[in-house]
Amino acid sequence: MSDFWSGAFGNSPVIQPTRGDQLPPPQNTPYDNLLGGAAGLDPSINNAGAQAVFPVLSADPNSPDSLIAKAGKPAHFDDPPSALTANIFASWHSAYQAEYINLHKGEASSGILTIGSGNDAIHVMLSGDQTKVYILESLQKADFATMAISDQTLISSVANDDLAKTGAAAKTLARLGMTEDVGQATDAINKLLDAIDKDTSVSNEDKQVFKDEITNVQKRIDATKVYSLTDINSAISAINDRFHRVAVFAKAKAAGPLLPDPNDPNQFRNVTGLNLDADNNNVDIQNGLTAFMNAEKQILAADNAAMQIANTGTLVGLTKHLDAPNLLAAFQLSANLKDQAINAGDTEEINQINQLLKTYNVIQELINQTIATFDASKNDEKRGLLGYDASGGVGNNSGKEPGETDDKGNEIITQTAIDTLQNPVVVDPKEDNKFTPPALSDAQLKAISMFEKDLNGIASPIEDLLGVKRPTGFDFYDNEGKTLNYFQKSTWDQWSATLSNTVQQISQENQLKFNDINTLEKERTTHFQSATNALSKAGDILASIGRNIS
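Chemist: Could you give me a rundown of the overall build of the protein chain, with the residues and numbers involved?
Modeler: Of the regular secondary structure elements, the protein chain holds 17 helices and eleven strands. The contacts in the protein chain between residues at least 6 apart in sequence include a share of 61% that link residues at least 24 apart.

Laid out in structure tokens, this is it:
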């Protein structure tokens, strides 16, 4: 009695022998030795089958597998290179082009053949593996990205030997903003590394993050023989800008906490902002520096992952090689994560800009309150901050007339003491020329100190970063006598306009940074969508194969 598999349907077995089964041992054991897949086995069977299903044309014009042998010569194929026009050559099938280049390789100069003459001439070359034809006048940067090192080396060598830079290879690189000179390619790298080493504000640990990013750029340069100065300088410039941002904030943080002048508790010196902790350290600067470095570490991690995928085809921490759809998805995901981290740093910069604008708004509001107290009918009227009047009938809410003496016999003067701003004298609002402005908070006093010309207000790290010069010349009070100074309305109007212009400049920089974030966010979304599409299409293909098999 036969079993099901050998004779369920009469004498015909259910499982029919495959062509591989009919081969002699050991080639008939597919799970041990796939045809052509192990050392010592003859791959000719696989090669012959592949050639039958997907025929590969030979670039040798004398080969029976050449397109000439199979389909004949195209028109003008027998014309010499100098007589052949670029348009005719470009119209041929690439197999004809490869065969033509091989036919006239003896006339080529350093592997590059000139087609045509004069200004209409083009320069062509065949790849080292004889599978691609390159027309130098049509090459783009993307072509070099996929070009074999041997082919890049040929173009690089020809361009390097062309001292006058008048040949096709040199002109092609110049047109694309590329160079064969590795020294030019690494010049920006060396300058940035030198600047990082000389900086004394950033910790060595944080410096290493940026150095590792630069190392990745160097590795990409080492993997090619022609170099895009534009792309290299752009990558280095981006790292430099982010390092400068960190350095500016690290320098501001290293300046130490804000401390009131011990000889004058109403005057603050070396003020960098309003948001201070219990120890008078600037919280915004500390948070900004932390956020910038967290983002930078994420940028490096994403870049390292992309480098590993490119070099090994595996994800970090894994040894399994990725197939094409997963490889594409992994690349896109790494780019997505890198853009996300860059946006995180830029978003924190916007937060820091907004904090600075709040400080400017405080001082603007104080000046606007002062301007509002002026009597438009009195051109010679002078007032101090918040509208204290230098010529009022009462000594600026002191409660005593000018010329009277205090309890110690000192004559009362019209200048208002700084202490009055924090502890204003309450007077009868019905009496003429008397009012009681609200008491100033510590935050408002700090804002005043940031702009008061004699109090050494230190530039905010954002002002340094954006190249914005803080307005100067604000002389709100006498720093020795600790009393208010008085000015006509025109002076206060001028100060208000100066502040407005600076705020507008900062706001413009803020908008530009916001635009950069939006642009990168769109790019990030594109990367993520491309990764999703690659995996989705791979799934569709597998499902289609499964349906056809079933």
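Still to come is the rest of the account.
Chemist: Please set out the packing of aromatic side chains residue by residue, giving values where relevant.
Modeler: Under the defined criterion, the tally for this structure stands at 17 aromatic pairs. Ring geometry for Phe474 versus Phe476: centroids 5.7 Å apart, planes at 25°, classification stacked. For Phe476, a relative accessible area of 0% translates into the label buried. Members of the aromatic cluster, joined through ring pairs, are Tyr360, Phe451, Phe474, Phe476, Phe487, Trp492 and Trp495.

Chemist: Tell me what's going on with the pattern of salt bridges, and back it up with residues and numbers.
Modeler: Summed over the entire model, instances satisfying the criterion amount to 19 salt bridges. With a closest N to O distance of 3.7 Å, Glu349 and Lys513 form a salt bridge. Note that Glu349 is positioned in helix 13 (residues 324-371) and Lys513 in helix 17 (residues 489-549), a separation of 164 residues in sequence. Where Arg524 meets Glu521, a salt bridge forms, and the shortest distance between an N and an O atom there is 2.6 Å. A residue pair is termed a helical-turn pair when its members lie 3 or 4 positions apart in one helix, as Arg524 and Glu521 do in helix 17 at three residues. One network of salt bridges, with partners in common, ties together Arg245, Asp346, Glu349 and Lys513.

Chemist: Lay out the pairing of strand 2 (residues 122-126) in plain terms, naming residues and giving numbers.
Modeler: Within strand 2, five of the five residues are buried, leaving the element largely enclosed by the surrounding structure. Turn length for the strand 1 (residues 113-115)-strand 2 hairpin, with the two strands adjacent in sequence and antiparallel, is six residues, and the turn residue Gly116 shows positive phi of about 85°. Here strand 2 folds back onto strand 3 (residues 133-135), and the loop between the two strands holds six residues, one of which, Gln130, carries a positive phi near 65°.

Chemist: How would you explain the sheet that holds strand 2 if you had to name every residue and give the values?
Modeler: With respect to topology, three strands assemble into an open sheet ordered 1-2-3, the strand pairing being antiparallel. Every other strand in the sheet has two partners, leaving strand 1 and strand 3 as the edge strands with one partner each. When the angles between neighbouring strand axes are averaged without regard to direction, this sheet yields 30°. As paired elements, strand 2 and strand 3 share three bridges and run antiparallel to each other. Bridged to Met125 within strand 3 is Tyr134.

Chemist: I'd like to hear about the environment of Ala443, residue by residue, with values.
Modeler: Here Ala443 is to be found in helix 15 (residues 442-451). Relative accessible area serves as the criterion here: at 32%, Ala443 is assigned to the partly exposed category. For Ala443 and Thr359, which are 84 residues apart along the polypeptide, the C-alpha to C-alpha distance reads 9.0 Å.

Chemist: Report on the nonpolar core, specifying residues and quantitative values.
Modeler: Ile367, Leu385, Ile448, Phe451, Phe476, Trp492 and Ile506 are the most contacted members of the largest nonpolar core, which has 59 residues in total. Put simply, the parts of the chain that give this core at least two residues each are helix 9 (182-198), helix 10 (204-222), helix 11 (229-254), helix 12 (283-312), helix 13, helix 15, helix 16 (461-466) and helix 17. Of all the elements, helix 11 adds the most residues to this core, at nine residues. With near-sequence residues (within four places) excluded, Phe451 lies in contact with Tyr360, Ile363, Arg470, Pro471, Phe474, Phe476 and Leu499.

Chemist: So what's going on with a nonpolar patch on the surface? Residues and values would help.
Modeler: Among the surface-exposed residues, Leu333, Leu337 and Phe528 lie close enough to one another that they form a single nonpolar patch of about 280 Å² accessible area. The topology assignment puts Leu333 in helix 13.

Chemist: Can you lay out the side chain of Asp162 for me, pointing to particular residues and giving the numbers?
Modeler: On the secondary structure map, Asp162 appears in the loop between helix 7 (149-161) and helix 8 (168-175). Buried within the structure, Asp162 lacks any salt-bridge partner; Lys165 is the closest side chain of opposite charge, at an N-O distance of 6.4 Å. At 2.9 Å, the side chain of Asp162 forms a polar contact with the backbone nitrogen of Thr166. If we ignore the near neighbours within four places in the chain, the residues touching Asp162 are Gly167 and Ala170.

Chemist: With reference to specific residues and values, describe unusual backbone geometry.
Modeler: One non-glycine residue, Gln130, lies in positive phi territory at about 65°. Take Gln130: it is sitting in the loop between strand 2 and strand 3. Judged by its relative accessible area of 36%, Gln130 falls in the partly exposed class.

Chemist: I'd like a description of the side chain of Arg383, backed by residues and values.
Modeler: Summarising the element assignment, Arg383 is placed in strand 8 (residues 382-383). Separated by 3.1 Å, the side chain of Arg383 and the backbone oxygen of Thr373 make a polar contact.

Chemist: A description of the packing of helix 13 against helix 15 should follow, citing residues and the corresponding values.
Modeler: Contact pair helix 13 / helix 15: the axes reach a minimum separation of 9 Å and the direction vectors enclose 95°. Judged by the inter-axis angle, helix 13 sits roughly perpendicular to helix 15. Residues Thr359, Tyr360, Val362, Ile363 and Leu366 of helix 13 lie in contact with helix 15, whose contacting residues are Gln444, Ala447, Ile448, Met450 and Phe451. Looking at the contact of helix 13 with helix 15, its residues break down into eight nonpolar, two polar and no charged.

Chemist: Hey, could you go over helix 7 for me, with residue numbers and the actual values?
Modeler: Helix length check: helix 7, at 13 residues, gives a terminal C-alpha distance of 18 Å against a target of 18 Å (1.5 Å per residue), a fit within 8%. Every buried residue belonging to helix 7 is among Asp151, Gln152, Ile155, Ser156 and Ala159, and all of these are buried. Down the axis of helix 7, the buried set is contained in an arc of 135°. They therefore lie on one face. Here the buried face of helix 7 lies against strand 2, strand 3, helix 6 (141-146) and helix 8.

Chemist: Now, about the packing of helix 9 against helix 10: what can you tell me, with residues and values included?
Modeler: For the pair helix 9 and helix 10, the least separation of the axes is 11 Å and the interaxial angle reads 175°. Put simply, helix 9 runs roughly antiparallel to helix 10. For the pair helix 9 and helix 10, the contacting residues are Val182, Ala185, Thr186, Ile189, Leu192, Leu193, Ile196 and Asp197 in the first and Lys207, Phe210, Lys211, Ile214, Val217, Gln218 and Ile221 in the second.

The rules behind these values
- Residues numbered from 1 in each chain as written.
- Predicted model: local features only at pLDDT ≥ 70, side-chain atom pairs only at ≥ 80, totals over all residues.
- Heavy atoms only, no water.
- Helix = DSSP H or I, 4+ residues; strand = E, 2+ residues; numbered from the N terminus.
- Contact = heavy atoms within 4.5 Å.
- Phe/Tyr/Trp six-rings, centres within 6.5 Å; stacked < 30°, edge-to-face > 60°.
- Buried < 20%, exposed > 50% of the residue type's maximum accessible area, 1.4 Å probe, protein only.
- Salt bridge = Lys/Arg side-chain N within 4 Å of Asp/Glu carboxyl O.
- Pairing = 2+ DSSP bridges.
- Axes fitted to C-alpha atoms, helices over the stretch in contact; angles between N-to-C directions.
- Core = buried A, V, L, I, M, F, W, Y, C linked by side-chain atoms within 4.5 Å.
- Patch = residues over 30% accessible without salt bridge, like charges linked within 9 Å, V, L, I, M, F, W, Y side chains within 5 Å.
- Areas by Shrake-Rupley, 256 points an atom, 1.4 Å probe, with all protein chains shown as cover.
- Lys, Arg positive; Asp, Glu negative; His and termini not counted.
- Polar contact = N/O pair within 3.5 Å; in protein donor to acceptor, adjacent residues only side chain to side chain.
- Parallel < 35°, antiparallel > 145°, perpendicular 65-115°, else oblique.
- Nonpolar A, V, L, I, M, F, W, Y, C, P; charged D, E, K, R; others polar.
- Expected span 1.5 Å × (residues − 1).
- Arc of directions from axis to C-beta.

Keep in mind these numbers describe shape, not what the thing actually does.
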